[in-house]
Amino acid sequence: MKRDDYISWDEYFMSVAMLTGLRSKDPSTQVGACIVSRDNKILSMGYNGLPRGCSDEEFPWERDSEDELETKYPYVVHSELNAILNYRGGSLDGAKIYVSLFPCNECAKAIIQAGIRTVIFDSDKYHNTPMMRASRRMFDAAGVRYYQYARSGRKIKLDI
């Protein structure tokens, strides 16, 4: 008889996204993304970090500074964009993206342009900010479905 307590696809792919986010060097926000095909195959992953060739030691990780160039924001590539740019297999038309934080407006544009049709997100802590309202407006206009991941409450343990 087969097991009936296995995890769902959403649990699996969101776990992969969250695990991928742990690669981020950002001291305050670790975000991960996992792009999945229509037939539930992982296509690409990404996390928030500096562009290739830019040293984690030479660029700032601060959130606030009087000089905006001394904050992380002008330099960090978001997890969604990294996942899209990391994909080398052709079209992402019809794919889904699992992301641990609801996408900002810039990532929403990239998601739409890449042909990704569904966004599954965990945290929506910036829900009422103008950038997130812009994301939802663009997703709605472009017909991109989005929904918040429903945590099962189950503790995932690995028996290795």
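Our structure's up above, just so we're on the same page.
Residues numbered from 1 in each chain as written. Predicted model: local features only at pLDDT ≥ 70, side-chain atom pairs only at ≥ 80, totals over all residues. Heavy atoms only, no water.

K.L.:
Which parts of the structure should I look at to understand the pairing of strand β4 (residues 118-123)?
P.N.:
Each regular strand carries side chains that alternate between the two faces of the sheet. Burial within β4 is extensive, with 5 of its 6 residues counted as buried. Sheet topology note: the strand β3 (residues 96-101)/β4 ladder contains 5 bridges and is parallel. Residue pairing for β4: Lys96 is matched across the bridge by Thr118. For the handedness criterion, the β-α-β arrangement of β3, helix α3 (residues 105-114) and β4 is classed as right-handed. In terms of strand pairing, β4 meets strand β5 (residues 145-148) through 4 bridges, oriented parallel. Bridge pairing in β5 links Val119 to Tyr146. In the classification by handedness, the crossover that spans β4, the intervening helix α4 (residues 130-142) and the parallel β5 is right-handed. (Buried < 20%, exposed > 50% of the residue type's maximum accessible area, 1.4 Å probe, protein only. Helix = DSSP H or I, 4+ residues; strand = E, 2+ residues; numbered from the N terminus. Pairing = 2+ DSSP bridges. Right-handed = clockwise from strand over helix to strand, strands pointing away.)

Nothing here speaks to function; it is geometry throughout.
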